[in-house]
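Take a look at the letters that make up each chain.
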Amino acid sequence: MMDYNERKNEDKRKEHVVTEFLEKNLYSRFPDYSHNENAETQKLGVDCEFTGRKFHYVADEKAATRKNYINAGTKYEGETMERRKLDTFCLELSMRTKKYGKWERHEGWWMNDKVVNNSLVLIWIDRTKSGDIENVDDILEAEVIVVRKENIENYLISLGWTRERLREQVNEIIDNFDKWNGTKTIDGLKFNVAAWLKGAEAPINILIPRETYRRLSDYNNIFKLG
């Protein structure tokens, strides 16, 4: 099993593969596309920019790359359960980071008012040759959705979940953290709390169905490459 730093490095490697896949299959359609390599700007939620549908997208790329969601219905050697398809994508409300050897909780990327992106590029890697993500040619099937943040915000508000109410719910969860392990639905919205991750980020997320993102999106496509 990977430790925290090994997992972060592996996630970063997969992010580069996903960006290469997007540049090859999606971003090539947008002549003004540019990818941001500045680490400080990336912290503000800006991975890339492009223009389409009379809108300039300042986008944060978010990819589902964990191998237990790849090649659903398959069970590989050493695995105890069949893999399943991921039909949601989480918005991070709160998480922890390690500073000077201590974990500190702060607002997640969805709630962070310092980020400047106006849209998300969501990608689900559904099928690969290897059962993991080795390189860009390994990817056989992926779904990509481009959605404006304001559309997601309006959807949440339609369920009664303003940003203020979400912050109140996060505080309630933190105050009763050990009771919140797992997923609970409150007023039409699924909250997922990984309280068991005592030694890691222990994020507090909301889960939105893939189908909902499709309805809210400006662009969505399933790429089948083999």
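In short, a report on the structure.

**Notes on the overall build of the protein**
When helices and strands are counted, the protein shows 5 helices and 11 strands. Considering only C-alpha atoms, the protein reaches an extent of 50 × 45 × 35 Å along its principal axes. For the protein, the residues scored as buried account for 46% of the 226 residues in total. By sequence separation, contacts in the protein at least 24 residues apart represent 61% of the contacts at least 6 residues apart. Surface accessibility of the protein: about 12500 Å² in total, with carbon and sulfur atoms responsible for 48%. Of the side chains in the protein, 38 bear a positive and 40 a negative charge, and the two mean positions are spaced by 3 Å.

**Examining the side chain of lysine 14**
Inspection of the secondary structure puts lysine 14 in helix 1 (residues 4-25). Of the polar contacts made by the side chain of lysine 14, one reaches the backbone oxygen of threonine 65; its length is 3.3 Å. Aside from chain neighbours lying at most four places away, what touches lysine 14 is Thr65, Lys67, Asp132 and Ile133.

**Some thoughts on the sheet that holds strand 7 (residues 139-148)**
Sheet strands line up and pair through hydrogen bonds in the backbone, either parallel or antiparallel. With mixed pairing, 6 strands are arranged side by side in an open sheet as 1-2-3-6-7-11. Of all the strands in the sheet, just strand 1 (34-35) and strand 11 (219-224) have a single pairing partner and so form its edges. Where strand 1 meets strand 2 (residues 48-52), 2 bridges bridge the pair, whose relative direction is antiparallel. Opposite serine 34, over in strand 2, you have glutamate 49 as the bridge partner.

**A short note on the pairing of strand 9 (residues 189-193)**
For a regular strand, the rule is simple: side chains alternate between the two faces of the sheet. Of the two faces of strand 9, only the one carrying Leu189, Phe191 and Val193 is buried; Lys190 and Asn192 on the other face are not. Bridge count between strand 8 (residues 182-186) and strand 9: 5 bridges; the pairing is antiparallel. Pairing of threonine 183 across the sheet is with asparagine 192, part of strand 9. Counted between consecutive antiparallel strands, the loop separating strand 8 from strand 9 contains 2 residues, among which aspartate 187 sits at a positive phi close to 50 degrees. Summarising the sheet, strand 9 and strand 10 (residues 204-209) pair through 4 bridges and their orientation is antiparallel. What sits directly across from phenylalanine 191, in strand 10, is isoleucine 206.

**A short note on the environment of asparagine 181**
The topology assignment puts asparagine 181 in the loop between helix 4 (163-175) and strand 8. Take asparagine 181: its relative accessible area is 43%, and that puts it in the partly exposed class. Residues asparagine 181 and alanine 194, spaced 13 residues apart in sequence, show a C-alpha to C-alpha distance of 5.6 Å.

**Quick notes on helix 3 (residues 149-158)**
For helix 3, every residue scored as buried is listed here: Lys149, Ile152, Glu153, Tyr155 and Leu156. Buried residues of helix 3 fall within an arc of 160 degrees about the axis and therefore sit on the same side. Among the residues trailing helix 3, glycine 160 stands out with phi positive, at a value near 95 degrees.

Analysis parameters
Residues numbered from 1 in each chain as written. Predicted model: local features only at pLDDT ≥ 70, side-chain atom pairs only at ≥ 80, totals over all residues. Heavy atoms only, no water. Helix = DSSP H or I, 4+ residues; strand = E, 2+ residues; numbered from the N terminus. Buried < 20%, exposed > 50% of the residue type's maximum accessible area, 1.4 Å probe, protein only. Contact = heavy atoms within 4.5 Å. Areas by Shrake-Rupley, 256 points an atom, 1.4 Å probe, with all protein chains shown as cover. Lys, Arg positive; Asp, Glu negative; His and termini not counted. Charge placed at Lys NZ, Arg CZ, Asp CG, Glu CD. Polar contact = N/O pair within 3.5 Å; in protein donor to acceptor, adjacent residues only side chain to side chain. Pairing = 2+ DSSP bridges. Arc of directions from axis to C-beta.

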